[in-house]
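# Coordinate analysis (summary)
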Amino acid sequence: MSRTPEQEAPGHAEAPEVGELTPPDRTLMGPGPSPVHPRVLRAMSTPLVGHLDPSFVEIMNETQELLRYTFRTDNQWTIPVSGTGSASMEAAIGNLVEPGETMLVPTNGYFGGRMASMARRAGGEVVEVDAPWGEPLDPADVEAAFEEHQPDVFGFVHAETSTGVLQPEVPELTSIAHDHDAYVIADSVTSLGGVELRVDEWDIDVAYSGPQKCLSCPPGASPLTLNDRAMDKVLDREEEPRSWYLDLSLLEGYWGDERAYHHTAPITNVYALREALRLVAEEGIENRWARHREVAGELKAGLGELGLEMNADDEFWLPSLNAVRVPDGVDDAAVIDHLLSEHDLEIASGLGDLAGDIWRMGCMGHGARTKNVEFLLATLEEALNEQGYEA
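Attention here is on the structure that accompanies the text. (Residues numbered from 1 in each chain as written. Predicted model: local features only at pLDDT ≥ 70, side-chain atom pairs only at ≥ 80, totals over all residues. Heavy atoms only, no water.)

### Some thoughts on the overall build of the chain
Assigned secondary structure in the chain consists of 13 helices and 14 strands. Against the compact-globule benchmark of 21 Å for 391 residues, the chain has a radius of gyration of 22 Å, which places it among compact chains. The C-alpha extent of the chain, read off along each of the three principal axes, is 80 × 65 × 45 Å. Every one of the 391 residues in the chain was classed for burial, and the buried ones make up 57%. Restricting to contacts in the chain with at least 6 residues of sequence separation, those with at least 24 account for 73%. Summed over its atoms, the accessible surface of the chain is roughly 17100 Å², and 46% of this surface lies on carbon and sulfur atoms. (Helix = DSSP H or I, 4+ residues; strand = E, 2+ residues; numbered from the N terminus. Rg over C-alpha atoms; globule rule 2.2 N^0.38 Å. Buried < 20%, exposed > 50% of the residue type's maximum accessible area, 1.4 Å probe, protein only. Contact = heavy atoms within 4.5 Å. Areas by Shrake-Rupley, 256 points an atom, 1.4 Å probe, with all protein chains shown as cover.)

### Examining the packing of helix H10 (residues 267-283) against helix H11 (residues 285-305)
When two helices pack together, their arrangement is given by the angle between their axes and by how far apart the axes lie. Axis separation between H10 and H11 bottoms out at 6 Å; the angle between their running directions is 90°. Here H10 is positioned roughly perpendicular relative to H11, judged by the angle of their axes. On H11, the residues that touch Leu279, Val280 and Glu283 of H10 are Ile285, Asn287, Arg288 and Arg291. Tallied by class, residues from the contact of H10 with H11 come to 3 nonpolar, 1 polar and 3 charged. (Axes fitted to C-alpha atoms, helices over the stretch in contact; angles between N-to-C directions. Parallel < 35°, antiparallel > 145°, perpendicular 65-115°, else oblique. Nonpolar A, V, L, I, M, F, W, Y, C, P; charged D, E, K, R; others polar.)

### Concerning the packing of aromatic side chains
Evaluation of the coordinates by the stated rule reveals 5 aromatic pairs. Ring centres of phenylalanine 146 and phenylalanine 154 lie 5.8 Å apart, and the angle between their planes is 75°; this geometry places the pair in the edge-to-face category. A ring pair is formed by tyrosine 254 and tryptophan 255, whose centres lie 5.5 Å apart and whose planes are at 75°; its orientation type is edge-to-face. Each member of the pair tyrosine 254 and tryptophan 255 is classed as buried. In this structure, lysine 300 is placed above the aromatic ring of tryptophan 317, and the distance from its NZ or CZ to the ring centre is 4.3 Å. (Phe/Tyr/Trp six-rings, centres within 6.5 Å; stacked < 30°, edge-to-face > 60°. Lys NZ or Arg CZ within 6 Å of the ring centre and 35° of its normal.)

### Regarding the nonpolar core
Phe154 and Leu224 are the most contacted members of the largest nonpolar core, which has 81 residues in total. Per element, the largest residue contribution to this core is 9 residues, and it comes from H10. Here phenylalanine 154 is in contact with Leu104, Leu137, Val142, Phe146, Leu173, Ala177, Tyr183, Val184 and Ile185, once residues within four sequence places are set aside. Val295, Leu303, Val330 and Ala383 belong to the second-largest nonpolar core, a separate cluster that totals 28 residues. (Core = buried A, V, L, I, M, F, W, Y, C linked by side-chain atoms within 4.5 Å.)

### A short note on the state of the cysteines
The full count for this structure, using the stated rule, is 0 disulfides. No disulfide involves cysteine 214; its nearest neighbouring cysteine sulfur is the one of cysteine 363, lying 9.0 Å away. Take cysteine 214: its relative accessible area is 1%, and that puts it in the buried class. (Disulfide = S-S within 2.5 Å.)

### Examining the sheet that holds strand S9 (residues 206-208)
Ordered in space as S2-S10-S9-S8-S5-S3-S4, the 7 strands form an open sheet in which the pairing is mixed. Across the chains shown, the open sheet's two edge strands, defined by having one partner strand only, are strand S2 (77-83) and strand S4 (125-129). On average, adjacent strands in this sheet sit at an angle of 20° to one another, irrespective of strand direction. Of the strand pairs in this sheet, S2 and strand S10 (residues 220-226) are connected by 7 bridges, and their pairing is antiparallel. Paired with threonine 78 across the strands is threonine 225, a residue of S10. (Pairing = 2+ DSSP bridges.)

### As for the side chain of glutamate 160
The topology assignment puts glutamate 160 in strand S6 (residues 159-160). Those residues in contact with glutamate 160, other than ones at most four positions away along the chain, are Asn108, Gly109, Tyr110, Phe111, Gly112, Val165 and Leu318.

### Observations regarding the environment of glycine 304
Relative to the helices and strands, glycine 304 is located in helix H11. A C-alpha to C-alpha distance of 20 Å links glycine 304 and serine 162, two positions 142 residues apart in sequence.

### Considering a nonpolar patch on the surface
On the surface, Trp244, Tyr245 and Leu250 cluster together to form a nonpolar patch covering roughly 310 Å² of accessible area. When you line up the elements, tryptophan 244 lands in the loop between helix H8 (228-235) and helix H9 (248-255). (Patch = residues over 30% accessible without salt bridge, like charges linked within 9 Å, V, L, I, M, F, W, Y side chains within 5 Å. Salt bridge = Lys/Arg side-chain N within 4 Å of Asp/Glu carboxyl O.)

### Quick word on H8
Listed in full, the buried residues belonging to H8 are Ala230, Met231, Lys233 and Val234. Here the buried residues of H8 occupy an arc of 155° about the axis, which is enough to place them on one side. If you follow the buried residues of H8, they end up packed against S2, helix H4 (85-96), strand S8 (183-187), S9, S10 and H9. (Arc of directions from axis to C-beta.)

### Structural notes on the pattern of salt bridges
What the rule picks out here adds up to 16 salt bridges. One salt bridge in this structure joins arginine 68 and glutamate 65, with 2.6 Å as the shortest N-O distance. Here arginine 68 pairs with glutamate 65, and both are found in helix H3 (residues 54-71), just 3 residues apart, close to one helical turn. You can call glutamate 65 partly exposed: its relative accessible area is 48%. Between glutamate 309 and arginine 325 there is a salt bridge whose closest N-O contact spans 3.0 Å.

What is shown is where atoms sit, not what they do.
Next up, the structure:
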């Protein structure tokens, strides 16, 4: 019997039999992604157009205006970067930090470490301002670090996803940096659209975020904003950024007035982000901040009734990401597995220095609803009781 060319070709297997896509219907209460609003899912099912189509150019304009509203900025350079939140992070750091320059980064969480890694890959020298995991930066320590190192760029994490800490006194930090002629990059991945963030009023030069947290949008088009001062630095670089794809001087041609081809934008993800931001505008940004704080407050109170403690002190508690200490004698992974296997409910464990010590419970975007909080508290109590825990 003769063999077909497919059978004769070495390394060719039969076509895999893969069934229809049927992911589980989870309640997402971890550090992200958060539940996607049905309107955003519907927007993603609408027809594709070309990334240079006149209709898509109008969608780009609308998305940029909605991003400016959400960031509380008038920055012309406010765009969705094609990629996940780490892409907007790398676009910010990789363009603003030039080889041989010094970047000051925090040590009080996992994502300060990621800032450091990206700065080094950009050719920068990294210096640190220290604070324990679970605490914010102290402005006095930031001032001392500036006096010692005179960095060119200062990065801080506004809402540290790994510790549940919200950085207070942001205007004081930016003032210190600008007094030393440094540029400020703010990580707002877990704060944009969920807790108060005012880019212009707080004098932040660059802020980046991700869509899958408080915006309740799938990852793929990630918010970034730069003021004129920061963009001038990018455009005046002597050496090109190491990433062609994330080079903002090239992206300017696509997202600026010219609308020239640079890459094929993730069109469906831009649709999704536009609709997610439209929901923010309809609710009102300050109302949205208040809702997150109110609903997360319900979660915080319920956790207290279960005898559980927050990782962050009240004065810098982060409503969108609640870091909860694991009680003595409780297996944190077993609780996570119970919630997922028995109730299709997702929470997450700690990262880095807090691995095994905390659970991370998101209260973000479309997930910041009372019914979700009540469900989480009830199932968490069940999981704890299974291990013999008593409040």
